[in-house]
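Chain residues, written in single-letter form:
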Amino acid sequence: MAYRPTFPSFDRRAPGSPIVMAALAAAILLAAAPRPLHARTQAPATAAAAAKTGYADVDGARIHYQVYGDLASGRTPLLVLHGAFMSGDAMGPLIAPLAATRPVIAIDARGHGRTGDAPGGLSYDRMANDADGVLAALKVEKADVLGYSMGAATALRLAMLHPGRIGKQVIISGAYRLDGMPPELIKNIASLTPEIFAGSPIESGYKKTSPTPDAFPTLVNEIKALDAADFAWPEDEIRAIKGKTMVIAGDNDGTTLEHTIALFKLRGGYDLPTILQGFMTEAPKARLAILPATSHIGIMAEAPGIAAMVTPFLDDKAPPPPPF
């Protein structure tokens, strides 16, 4: 399935991609209230205000961060990692409801947002180490993590490389292998050029916030390289990740359903004793949510519903008993 940009300034002959459209959707979502999942009359959360912003020097980059709430509250902070071409600001629809119950830290990945261009290019290992460096700079000994798309893969890698720092993980539309995405999608990403973005909210937003406004073509090429590099993290290492995991995807997402379910099972989901018993008496090790009629972009429009599912997971609440 080919995705095409819908903004008039785009070259409509050029193939698009979900990661492009995810950033476009983020720009729209910042100006429009997201729709609650299965509760369309629910009022959207108001925007949260960052209590603190700053930079952490990590491996040659100054990683921008925003802190919502009080890190000294005694509640486990939640680290939020955005997708490609996005920024911490674009995760606002998810941050607002989640910051109502816990401190939230949002960062701009290297190359993105207020962090801007940095030496070394993009890799999941490097971005995971950047995130760990921000937590260390903020003196956060342990945090839960939520990542979307590129940020979801980074969140997995962060939990693998820094197990002492990371507790629970929320993986939204993320893969642990390159072939977790359809080959057609990988081909589409490889066809991206900076010119496709000319005049788009992605390009203008980058130039407005980035300390390196002329480096947008570099970011495009770095993201192409990231999604061209074959990777497959060993399943034994996925199983060994500490902390519980929630996997969330759309039923028409950029990751295949087979891959999403495989990740859920690797993290301890589909527990046979629970299946045989027929009900749960305690919080499970892994949770899975497949959102109906939801694409890679559309999943960001379901922020209130996602937050409503993620909050009890982060609070380690057991599912309610049956009413009979």
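Residues numbered from 1 in each chain as written. Predicted model: local features only at pLDDT ≥ 70, side-chain atom pairs only at ≥ 80, totals over all residues. Heavy atoms only, no water.

Peer 1: Teacher, can you tell me more about the packing of helix H3 (residues 124–137) against helix H4 (residues 150–161) here?
Peer 2: Helix packing geometry: the angle between the two helix axes and the distance between the axes. Here H3 crosses H4 at 70°, and the two axes come no closer than 8 Å. Between H3 and H4, the interaxial angle falls into the category roughly perpendicular. Only Met150, Ala153, Thr154, Arg157, Leu158 and Leu161 of H4 make contact with H3, whose side of the interface consists of Tyr124, Asp125, Met127, Ala128, Asn129, Ala131 and Asp132. In terms of residue class, the contact of H3 with H4 is built from eight nonpolar, two polar and three charged. (Axes fitted to C-alpha atoms, helices over the stretch in contact; angles between N-to-C directions. Helix = DSSP H or I, 4+ residues; strand = E, 2+ residues; numbered from the N terminus. Parallel < 35°, antiparallel > 145°, perpendicular 65-115°, else oblique. Contact = heavy atoms within 4.5 Å. Nonpolar A, V, L, I, M, F, W, Y, C, P; charged D, E, K, R; others polar.)

Peer 1: Quick question: what am I supposed to make of the nonpolar core here?
Peer 2: Soluble globular proteins tend to pack their nonpolar side chains together in the buried interior. Counting 60 residues, the largest nonpolar core has Leu79, Phe85, Ile105, Ile107 and Trp233 as its most contacted members. At eight residues, the largest contribution of residues to this core is made by H4. Core analysis: the second largest hydrophobic core is formed by 28 residues, Ile95, Val170, Leu291 and Met300 among them. (Core = buried A, V, L, I, M, F, W, Y, C linked by side-chain atoms within 4.5 Å. Buried < 20%, exposed > 50% of the residue type's maximum accessible area, 1.4 Å probe, protein only.)

Peer 1: Got a minute to help me understand the packing of aromatic side chains in this structure?
Peer 2: Ring pairs (aromatic) are described by centroid distance and by the angle formed between their planes. Across all of its chains, the model carries seven aromatic pairs by this definition. Ring centres of Tyr124 and Trp233 lie 5.8 Å apart, and the angle between their planes is 80°; this geometry places the pair in the edge-to-face category. You can see Tyr124 sitting in helix H3 and its partner Trp233 sitting in the loop between helix H7 (216–226) and helix H8 (235–239), a full 109 residues away along the chain. Classification of Trp233 as buried rests on a relative accessible area of 9%. Seen from their ring centres, Phe197 and Phe216 are 5.4 Å apart, and the 80° between their planes marks the pair as edge-to-face. Placement of Phe197 in the loop between helix H5 (183–190) and helix H6 (201–209) and of Phe216 in helix H7 is noted, with a sequence separation of 19 residues between them. What makes Phe197 buried here is its relative accessible area of 0%. Here Phe216 falls in the buried class, since its relative accessible area comes to 2%. Through pairs of rings, three or more aromatic residues link up here, namely Phe85, Phe197, Tyr206 and Phe216. Between the NZ or CZ atom of Arg62 and the centre of the ring of Tyr55, over which it lies, the distance is 4.2 Å. Here the basic side chain of Lys265 rests over the ring of Tyr270, its NZ or CZ set 5.2 Å away from the ring centre. (Phe/Tyr/Trp six-rings, centres within 6.5 Å; stacked < 30°, edge-to-face > 60°. Lys NZ or Arg CZ within 6 Å of the ring centre and 35° of its normal.)

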